Every structure is written in structure tokens, then in C-alpha cells.
Amino acid sequence: MEAVCEQLHGGGGEEEEEEQAGAEEAMLWSIQEALERQTLQIGASACGATAVVDVLKALGVDVAPEEADRCVRTRLRRNESPLPDYLLSRSEAGATHAQLIEGAEEASQGKVTGRFFHLHPRRLVRLVPWLAGWIRKGAVPVATMNMQLAVPEGEEVPDAWHHQLIFGVASNAVFMTNPLDVVSARELHQRLCSESVLLIRREDVLQRLTPDSSLSSLSEPRWKALDVEGQVRQMHREEEDEDDGAKLTHIRIPAAYSSGITFFALRESDLGQELLSAPELPLL
């Protein structure tokens, strides 16, 4: 199962707690400014390009949403395709963190650069103070998250990963855009520490499954390791059986995305150079 990141907490007296609270607070925008400035989703599967629009805005570079989307090269789901091609399209729909970095660089004509930090496997990091430290320096963070983790009880499992700009943090709270939201550090950390996998809903598989569906084209090692073909066969058998027992609700397929945080800054600034030379977070 997907790994869950753990946060490290220290102890201390009131004075130390106050210092720690201060170390955990940093805002790029106030909540009111975020309401006024945030860009809402600009198109299907385009949360990454949407985040890039706001990253550039925060760094003083105005770019039209259409240009950001073109530079990010958002990939779409091929909903009308046969099952094998549909699953391939789902595994890469939207954008990876690398596409966000390349898109921001191209859309800003080289003025903006980005640096991605992996948070899976688990890292030795206190998430909120780490984010706050970079935000106070002027870096703009974007979270790449598996939204299928830490799903609130009673809610439906989302069907995608998500990129969101983080415009501020406070003690045990992280503020994000598209949609404007505040989540606990624990919830965010879980979504930021995920294997590169995606759950595909049962109905999305079965409605494209035909007698001549062959998944042999999905022959890459990651697809074989997850036995995607075997999962689909099991779903098919469950449909043919009259047994009312438990059935697979999803299949697991490889995803193109890596979970973590991308920080953006002006390339020629001291901060930009510091970001590019910063080491990876140590493994826990």
C-alpha cells in the first residue's frame, strides 16, 4: 500500500512553542488576496497549467492562461479510446512536475525556474517549517499530490492527482488555491508521500471492456509489476459471476507523476541559484 509520511515533532516550553509557531507561519498572499488573485481551473486536466499561471503572477510575470497551458503541454484523457489506450492516457493525463517547470521557464522566457523535491519515499522533514522557510525567502511552492490518499470518511475517492499552489502556511495549516482551501499538515503530508500509482474506477474500466480488449500492449515493467491485465480479468470475472460478494472498486495502474513540492523563483536571483543547488531531502 501507499506509504504515509510521518512528521517529526519536538517538545519544549511555552517560549519554545511560540518560537516554533513563528517558524511555521509564512504567507505569499493573504486569504483575501488569494481570493482576488487566484486562477480557477483553466481547462480539463489543466490544474498544473493553472498553478503555473499563479506561480508566474506571484513572481511578477503575467502570462495568459492559454499560453501557460500551451507551454505546460497538458495531456488529455482519451475517453473515447479502447480500454488499453484509455488506461495509457489516464496514466499521464494532465502534467508532471517536470512539465510544470519546463512550462514556467518557457512561458516566462527563461525568467523563472523551478526545483522539485521528492517526498516519496519518506523524508526526514518537518513539512510546515520547511515550506515556511522557503516561502519567507520568496519561493512559490506547488504541491503535486495523490488526492486518492487521505480521503475524508464518507467522501468518494477522487479520480486524479492534483497540482495546487501553496500561498501560505501556519501551525498545522496549509493554504492552497484552485480551489481555495486549507488542509492540515498531516493530510497534505499523506498526499505528498505516495507511490506513482493511480486508481481507476470500476465503471470506467467495465464500460470500455469489450471481448476483443487486449492489454498485452501494456507491456512495460511497471504495468506488469502491478498486473494490470490480471486486475481487469478479475473485474470481468466478477461481472460474470452471480456472487454478491465483495468486488474490486478500482484497479491500480502506474502514474507518470511523482509526489512532492516544486519551488519556483526568478532564475537570476540568489534564491533561484540557492534552490537549484539545494540538496534532496534526506530519506527517513
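Rules used throughout
- Residues numbered from 1 in each chain as written.
- Predicted model: local features only at pLDDT ≥ 70, side-chain atom pairs only at ≥ 80, totals over all residues.
- Heavy atoms only, no water.
- Phe/Tyr/Trp six-rings, centres within 6.5 Å; stacked < 30°, edge-to-face > 60°.
- Helix = DSSP H or I, 4+ residues; strand = E, 2+ residues; numbered from the N terminus.
- Buried < 20%, exposed > 50% of the residue type's maximum accessible area, 1.4 Å probe, protein only.
- Lys NZ or Arg CZ within 6 Å of the ring centre and 35° of its normal.
- Salt bridge = Lys/Arg side-chain N within 4 Å of Asp/Glu carboxyl O.

Q: Please explain the packing of aromatic side chains as it appears in this structure.
A: Each aromatic ring pair is specified by the distance between its two centres and by the angle formed by the two planes. Scanning the entire structure with this criterion turns up 7 aromatic pairs. When the ring of Phe117 is compared with that of Phe263, the centres are 5.9 Å apart and the planes differ by 75°; the resulting orientation is edge-to-face. Here Phe117 is found in strand E2 (residues 112–118), whereas its partner Phe263 is found in strand E9 (residues 260–266), with 146 residues between them in sequence. Given the relative accessible area of 1%, Phe117 is considered buried. Among the aromatic residues, ring-to-ring pairing joins Phe117, Trp130, Trp134 and Phe263 into one connected group. A cation sits over an aromatic face here: Arg115 above Phe117, 4.4 Å from the ring centre. Stacked on the ring of Trp134, the Lys or Arg Lys137 has its end atom at 4.8 Å from the ring centre.

Q: It is not clear to me how the pattern of salt bridges should be interpreted in this structure. Could you clarify?
A: Between side chains of opposite charge, a pair can form as their charged atoms come close. By the definition in use, this model includes 20 salt bridges. When the shortest N-O distance is used, the salt bridge between Glu106 and Arg73 registers 2.9 Å. Pair noted here: Glu106 is in helix H6 (residues 97–107) and Arg73 is in the loop between helix H4 (65–72) and helix H5 (83–92), with a separation of 33 residues, a long-range link. We classify Glu106 as partly exposed; its relative accessible area is 31%. According to the relative accessible area criterion, Arg73 is partly exposed, its value standing at 48%. In the salt-bridge network here, residues are joined through shared partners; they are Arg77, Arg90, Glu156, Asp159, Arg201 and Asp204.

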